[in-house]
Structure formats: structure tokens, C-alpha cells
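# Report on the structure
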Amino acid sequence: MDRLCIHSITNKPWRLDTLIDKYSVSGVPALTVWEDAIKDMGAKKAGDMLAKSGLDIVSYARGGFFPDLNKAKREENIDKNKRMLEDASILGAPLMVLVCGADPGQSLQQSRDQIRSGIEAILPTAADVGVKLAIEPLHPMYADTRSAINTLSIANDMAEYFHSEWIGVAIDVYHLWWDPQLKEQIQRCGKSGNLLAFHICDWNVPTEDLLLDRELMGRGCIPVKEISRWVDEAGFKGFREVEIFSNRYWNSDQDIFLRDIIAAYNEIYDKS
Ligand code: ZN
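Keep in mind it's a predicted model, so treat the numbers as computed, not measured.

Here strand 1 (residues 4-7) shows a buried face lined by Leu4 and Ile6 and a second buried face lined by Cys5 and His7. Sheet topology note: the strand 1/strand 10 (residues 240-242) ladder contains three bridges and is parallel. Considered in strand 10, the bridge of cysteine 5 is made with glutamate 241. The pairing of strand 1 with strand 2 (residues 30-34) spans three bridges and is classified as parallel. Its bridge partner lying in strand 2, cysteine 5 is registered against alanine 30. Where the polypeptide runs from strand 1 across helix 1 (residues 16-26) and back to strand 2, its parallel neighbour, the crossover connection is right-handed.

Spelled out as C-alpha cells, the structure:
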């Protein structure tokens, strides 16, 4: 379990203090923090709590949402991302994940150009505060409003464009498992030094909600074990981050769910 990380959104009903207690007691060594989880207390207090807990903080989620037809809105988003980077630094997170955004009122290419400009604008802040940025490509079903970065190839292009140690890519099996170029693009991502994060869950069959019906690893149709092997072979040594958005699991007993997450994780990685 030394590479297991759980994203705080996975146990959404738990507050940050409860998450810290439960993960510590269960032997989960790391977590990613969703901005909503620290909204009440602020980054300083949350950072103090996390530092005392001894848990590793893998990343802060999530910045991005750069494209907008309205220039003033784009500038607002850039300011928000800069503030989030400062919070990530106060929190002690080495990485901030970017859900890059899209505006359906313009072409995907225009949205991608605005994403590039947005990243360019916040990259100096990332370097200043010592927090890396990870572009997370999203499944094309989200290309309307959530992200114009829809394949690992596009994310690799974007990260390579900047040639900076402060920007890389987050690979999430839920978004990328279908891509016939996935293995090659994971190799490319590793080779360029851009593979910064790895997110795991599974695709429910049949899926009832395209956002909020993710499944435990090993219970759906994503070859999680095989993709994990490609990621390891590409040189990634970081945490495997369980990120499950699920109304069904959020409405269930979180202690049982946590036990099931750990069991599902061990089932895949114990013998690999
Ligand atoms: Zn993810």
C-alpha cells in the first residue's frame, strides 16, 4: 500500500479531519485534496492539520477552466488559478491538477489556444511557489464544457510546448482507457519527463451517469492493471491515486467503502 493515495472527493461525505483520521488508521499513506475539502478552514489550517498527520499530500485539485469567449472571464480564471497555486503551496501540495476547460461557443482549437495562454500566464507563479502543474486530459464526452484536452497525445503536445519542469501531465484511466494510442503516448509522456500523476478507478457497465458513476478498480471494463504496468514501465514511481466520483458510493457507508477501496487496490497491485 506504499503507493496508494486516495483523492478526498472519493470519500466526499467525510470532512478533512475525518479523512485524515480514517486514512491514518487504515494505513493509507497519502491523499489528494479537493478545494471544497478545505473551503471552511482555509489552506493554512488545513496545511497544519495535514503536516501533523504525517500523510503525504499528492496534489491539490483542481485548477484550470481557462477558455471563455469573454476576455474578462479568462483573466478572472487566471487570477483564480494563481490564488489556487498559492493555496496549494500553503497546503504543502507539490502539484496542482488542471481540468483545462472548454467553451462550447467557440472551436476546440480556440479553446486549446486559450488553454495554452492560460498556462503560460500562471506558469511563473507555479515556479515561484514551487507547485507543479499537471494537465489532465479528459474523455471526449466532456469536450463541450469541461476540457478541450481530450487525448494524452494532445496533453503531451501541450506539456512539451512549454519545456518546463513546472508543467506535466496527469494520466487518469477513466478518461484515457479507450485510446488505441495509449501505450505509446504513456511511453512518450514518461520519456519527456512529463508523467506527474496517475489516477485510477473503473468504468461501470452499464454506466448510469457519465460523471458520477465511477466504479472500484477491477469491477468495470478498464484494464487498470495493464495500464498501470505501462505507467510503471514509463518510469513513474509516484502514487496511484484512487479517484471515484460516485453518488452510489457517496450514499453508502464510508467505512465499508474505504475497506473496499483498499481491498480492490490490493487485489490489483499485491501480486503485480
Ligand atoms: Zn483524475
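Turning next to unusual backbone geometry. Geometrically, the link from alanine 61 to arginine 62 is a cis peptide bond, its omega value of -10 degrees lying close to zero. Note that arginine 62 resides in strand 3 (residues 56-64). Between valine 205 and the following residue, proline 206, the backbone shows a cis peptide bond with an omega angle of -5 degrees. Looking at the secondary structure, you find proline 206 in the loop between strand 8 (202-203) and strand 9 (214-215).

Next up on the list: helix 4 (residues 108-129). Between its first and last C-alpha atoms helix 4 spans 31 Å; for 22 residues at 1.5 Å apiece the expected length is 32 Å, and the two agree. The largest bend in helix 4 amounts to roughly 35 degrees and is located at isoleucine 122, with the proline proline 124 lying one to four residues further along. Of the residues making up helix 4, those classed as buried are Ser111, Arg112, Gln114, Ile115, Gly118, Ile119, Ile122 and Ala126. As for helix 4, its buried residues are in contact with helix 3 (71-91), strand 5 (132-135), helix 5 (152-162) and strand 6 (167-172).

Right, let's talk about the environment of phenylalanine 245 for a bit. Structurally, phenylalanine 245 is set in the loop between strand 10 and helix 9 (247-250). For phenylalanine 245 and glutamine 110, which are 135 residues apart along the polypeptide, the C-alpha to C-alpha distance reads 29 Å.

Ordered by their spatial adjacency, eight strands build a closed barrel running 1-2-3-4-5-6-7-10, and the pairing between neighbours is parallel. Looking at each pair of strands side by side, their axes are set apart by 30 degrees on average, direction ignored. Where strand 3 lies against strand 4 (residues 95-99), three bridges are found, and the strand directions are parallel. Within strand 4, the position partnered with glycine 63 by the bridge is leucine 98.

So, about the environment of leucine 211. Topologically, leucine 211 is positioned in the loop between strand 8 and strand 9. Sequence spacing of leucine 211 and histidine 139 is 72 residues, and the spatial spacing of their C-alpha atoms is 11 Å.

Take the nonpolar core next. Membership of the largest hydrophobic core comes to 85 residues, with the highest contact counts inside it found for Leu31, Met96, Ala134, Ile135, Val169 and Ile171. Filtering out sequence-adjacent residues up to four positions away, isoleucine 171 remains in contact with Leu152, Leu176, Ile186, Cys189, Leu195, Ala197, Phe198, His199 and Val231.

With that settled, the discussion passes to the packing of helix 5 against helix 7 (residues 182-191). Two measures define how a pair of helices packs: the angle their axes make with one another and the distance between the axes. Contact geometry for helix 5 and helix 7: axes closest at 9 Å, N-to-C directions at 20 degrees. Taken together, helix 5 and helix 7 sit at an angle that is classed as roughly parallel. Helix-helix and strand crossings are classified by hand; for helix 5 and helix 7 the assignment is left-handed. Where helix 5 approaches helix 7, its residues Leu152, Ser153 and Asn156 are matched on the opposing element by Leu182, Gln185, Ile186, Arg188 and Cys189. Across the contact of helix 5 with helix 7, the residue classes break down as four nonpolar, three polar and one charged.

What counts, and at which threshold
Residues numbered from 1 in each chain as written. Predicted model: local features only at pLDDT ≥ 70, side-chain atom pairs only at ≥ 80, totals over all residues. Buried ≥ 20, exposed ≤ 12 C-beta atoms within 10 Å, placed from the backbone. Helix = DSSP H or I, 4+ residues; strand = E, 2+ residues; numbered from the N terminus. Pairing = 2+ DSSP bridges. Right-handed = clockwise from strand over helix to strand, strands pointing away. Expected span 1.5 Å × (residues − 1). Bend = angle between axes of the 7 residues up to and from the residue. Contact = placed C-beta atoms within 7 Å. Axes fitted to C-alpha atoms, helices over the stretch in contact; angles between N-to-C directions. Core = buried A, V, L, I, M, F, W, Y, C linked by C-beta atoms within 7 Å. Parallel < 35°, antiparallel > 145°, perpendicular 65-115°, else oblique. Left-handed = near helix turned anticlockwise from the far one by under 90°. Nonpolar A, V, L, I, M, F, W, Y, C, P; charged D, E, K, R; others polar.

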